[in-house]
Each structure stands twice: as C-alpha cells, then as structure tokens.
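Tertiary structure, described
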Amino acid sequence: MTSLTLTRPDDWHLHLRDGQALDAVVPASARQMGRAIIMPNLKPPVTTTRQALAYRERILAALPEDSSFEPLMTLYLTDMTPAEEIERAHASGLVHAVKLYPAGATTNSDSGVTDIANCDEAISAMARLGMPLLVHGEVTHAEIDIFDREAVFIEQVMKPLLARHPTLKVVFEHITTADAAEFVSSAPANVAATITAHHLLFNRNHMLVGGIRPHYYCLPILKRERHRQALLAAATSGSGKFFLGTDSAPHAQGDKESACGCAGAYTAPIAIELYAAAFELAGALDKLEGFASHFGPDFYGLPRNTSTITLVRERWELPASLPYIGDHRIVPLLAGEALDWKLVG
Ligand SMILES: NC(=O)N[C@@H](CC(=O)O)C(=O)O
Ligand SMILES: [Zn+2]
Ligand SMILES: [Zn+2]
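Rules behind the numbers
Residues numbered from 1 in each chain as written. Chains lettered and ligands numbered in written order. Predicted model: local features only at pLDDT ≥ 70, side-chain atom pairs only at ≥ 80, totals over all residues. Heavy atoms only, no water. UniProt positions renumbered as here; feature names shortened; annotations may be inferred. Donors = N, O, S within 2.8 Å, 3.2 Å for Na, K, Ca; no water. Tetrahedral: all angles 85-135°; square planar, octahedral: opposite > 155°, others 65-115°. Helix = DSSP H or I, 4+ residues; strand = E, 2+ residues; numbered from the N terminus. Buried < 20%, exposed > 50% of the residue type's maximum accessible area, 1.4 Å probe, protein only. Contact = heavy atoms within 4.5 Å. Polar contact = N/O pair within 3.5 Å; in protein donor to acceptor, adjacent residues only side chain to side chain.

- The chain is annotated in an unreviewed UniProt entry as Dihydroorotase from Halomonas urumqiensis.
- Note on the chain: under the UniProt heading Catalytic activity (unreviewed entry), the record states "(S)-dihydroorotate + H2O = N-carbamoyl-L-aspartate + H(+)".
- What the UniProt record of the chain gives under Function (unreviewed entry) is the line "Catalyzes the reversible cyclization of carbamoyl aspartate to dihydroorotate."

1. What to know about the coordination of the zinc ion (ligand 3)
- Each protein donor to the zinc ion (ligand 3) is listed here as H13 (NE2), H15 (NE2) and D247 (OD); together their distances run 2.0 Å.
- Here the zinc ion (ligand 3) is ringed by 4 donor atoms whose angles at the metal span 94 to 138°, and the overall shape comes out irregular.
- The sequence pattern describing where the donors of the zinc ion (ligand 3) fall on their chain is H-x1-H-x231-D.

2. Structural notes on the coordination of the zinc ion (ligand 2)
- Coordination of the zinc ion (ligand 2) by the protein is provided by H136 (ND1) and H174 (NE2), with metal-donor distances spanning 2.1 Å.
- Here the zinc ion (ligand 3) and the zinc ion (ligand 2) are spaced 3.7 Å from one another. Of this pair, H136 sits in the loop between strand 6 (133-135) and helix 5 (149-164) while H174 sits in the loop between strand 7 (170-172) and helix 6 (178-186), and the two are 38 residues apart along the sequence.
- Relative accessible area serves as the criterion here: at 2%, H174 is assigned to the buried category.

3. Description of the UniProt feature "binding site: substrate" (unreviewed entry) in the chain
- UniProt tags H15, L16, R17, N41, H136, L219, H251 and A263 as "binding site: substrate" (unreviewed entry).
- Tracing the chain through its elements places H15 in the loop between strand 2 (11-14) and helix 1 (20-32).
- The class of H15 is buried, set by a relative accessible area of 6%.
- Sequence-distant contacts of H15, defined by excluding residues within four places in its chain, comprise M39, N41, Y101, D247, S248, A249 and P250.
- Here the side chain of H15 touches H13 through a polar contact of 3.3 Å, side chain to side chain.
- Along the chain, the position of L16 falls in the loop between strand 2 and helix 1.
- Using a relative accessible area of 1% as the deciding quantity, one classes L16 as buried.

4. Some points on the environment of T107
- By secondary structure assignment, the location of T107 is in the loop between strand 5 (95-100) and helix 4 (120-129).
- Counting along the chain gives 212 residues from T107 to P319, while the straight-line C-alpha distance between them is 26 Å.
- Sequence-distant contacts of T107, defined by excluding residues within four places in its chain, comprise N41, H251 and A263.
- At 3.4 Å, the side chain of T107 forms a polar contact with the backbone oxygen of A263.

5. Points about the UniProt feature "binding site: Zn(2+) 2" (unreviewed entry) in the chain
- With numbering matched to this structure, UniProt assigns "binding site: Zn(2+) 2" (unreviewed entry) to K99, H136 and H174. A stretch of 76 residues holds the annotated residues, and the largest C-alpha distance among them is 12.6 Å, short enough that they meet in one place.
- Given a relative accessible area of 0%, K99 falls into the buried group.
- For H174, the contacting residues outside a window of four places in its chain are H13, H136, E150, T194, T196, L219, P220 and D247.
- Within the structure, H174 has its side chain in polar contact with the side chain of H136 (distance 3.1 Å).

This is the structure:
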C-alpha cells in the first residue's frame, strides 16, 4: 500500500501544558487530529469548570487560523471535588470527562486522589450523568514494584470501583500490560481503554539496553515484550473498547535529559505515523481507522469526524529537536530517526 486515507482521527489522551508551551505544541496536534481530550494536570491542576473553560480559551487562542481542532476539556478529580462541580462541568457541554490521578502516581499528581472512597459522591454524580472517569491506573505504594503497579491497580482499585459503580463509564488510560488488555476485553461495554503508539511499538529494552534512553521514559513505564504484543493484539482486534490516546506529554529537553528526568514521551507531531507503523507491523493497517477515528467518538457519544487525512508511504527523517518555550527545545520520540509513513494532508 502506498497511501492511506482515513476519517480524521481524534486523540483521546493529550497533554498540551499551558502558557507559551501551547504555541509550540497545539498546532502539532491540530494538524493531525480533529479533537482531543485535554489532560488537566497543570500546575495548579484544572479542578473546576471555570478553570477548564478558561484553559480551553487559551488552547483555542494557540490554534492556527484555519484550524477546526476541538479541545475536549476534563476536570482533575481531588479528594474534595463536590458533586455540584461535576454537575456544572456536565452542564457546560464543554467538559467531557473527569480524570483520576492517584496522588503521587505521575507528573503533577500531587493534588490527586489519596483514597477513592473520598470521591464517592462525585463519582456517583458522574455515573448518573454518563460522564466518563478517565483513570491513570497505577497504585503508588512504595513497596509495589514500578513494573507491577498497573496490574495491582486492577485488583485493588479498578475492580472495587466498578463493583460499587457498575454503570460508570471508565476509560483505563494508556494501558501497558496484558493484564489490563485482558481486564478491559472482558469488562462490560461501559469500560474502555486508550493505548499509546509508544506502548504498541516499544518494550522496556528500547529504554534500557545499550544505554539509558530518557525519551522512552514515561508512565506507566514500558513493559516486557509479551505485554507489547498483547497491546498490539488488542489495538488491532477490531474491538470498539480500544482506541487512540497518544499521551503525548511534552517536557523540555533539559527536563528529560537530566539526572532525574521527567516522565513523558512527546509524540504529537508524528502520532498517526507511529500508529500506522505499529498497525503495519501487525499486518493490520485495515484496522487502523476504527481504532484511530471511530471507536473513541462512539464511546464518548460524539459524532465521528467527517473530514479525512491522508498518509503516504515515504521515508523521511524526524528532526533532532523542535522549538519549545523560549530558547528551550523539545525532543520528540524517535528524534533524528526515519519514519516510513508521512501525513500529507
Ligand atoms: N505519561 C507520562 O509519563 N507523563 C504525563 C502524565 C501521565 O499521563 O501520567 C505527563 O503529564 O507528563
Ligand atoms: Zn497518566
Ligand atoms: Zn497522560
């Protein structure tokens, strides 16, 4: 195949940051995606509808003039989020979901949830309103090994949460294990998952063999090859429970290439090219459109996009870095390396 035309995809898990970073990263996603679920882990986090709507305006202001990209806003759940805030968010029509960060699990999660029992009223309101809960699914207890944190989360948090709120719409975000893929496959239709391109393409050897490669460091951390294979099987299965979420997470070059490097891979500028590479590896390019462009809006109850994008088979090299805030640069995943697909319009 030499070219590939798809319904324009959406990104169901995206970090855009704030301030000057928006000018650097928003156009990259807007070029590829019709819409994106915007993560609320700013400093301070987006905990109210008012903050989410103001953040949305700042994102729209960073869009190229001819863009019709739509940011779909989210709220950051805390121990204190009142049910009324969920109702306000839902009534706005512009806030589409609420994000659960277990406190301490990832970048800017300090204000996250310490015990999900504290959120029972907010979560009941979400279940009632049909508002999805987006979950960073990792436990944080120091004694649990970082490679096991997702699998333990399923038992300790996900299963009890769904037992208590069986109709709650849940998106298990950026799944990284065979355990999570299996859990979501066997769960009822109100449970779905996003999968990143990097977890479909890479395992932990890519991060750790022959030198430590900080641009592959993200959370949940890359796992063993058998987990990558399970994720690829889930993504290419044609099941509507699995859809595209890049988890593109910009950090300045110096914050990644550091003695204590930040977690997050910046993939937005080449997102659909990476997914095409992964689906091609699995011999399943025919399954890409469902995963990238249909199943996400179907789950969220939104219309599918009507415009299309086209990729061509063309080898090209990604630059070593891109402009970021002020003099800072940002290093996308696979910087300086060749890609086989190219988005042309
Ligand atoms: N994925 C990451 O490694 N980092 C994300 C946070 C997140 O999605 O957990 C970030 O905001 O930098
Ligand atoms: Zn996360
Ligand atoms: Zn994320």
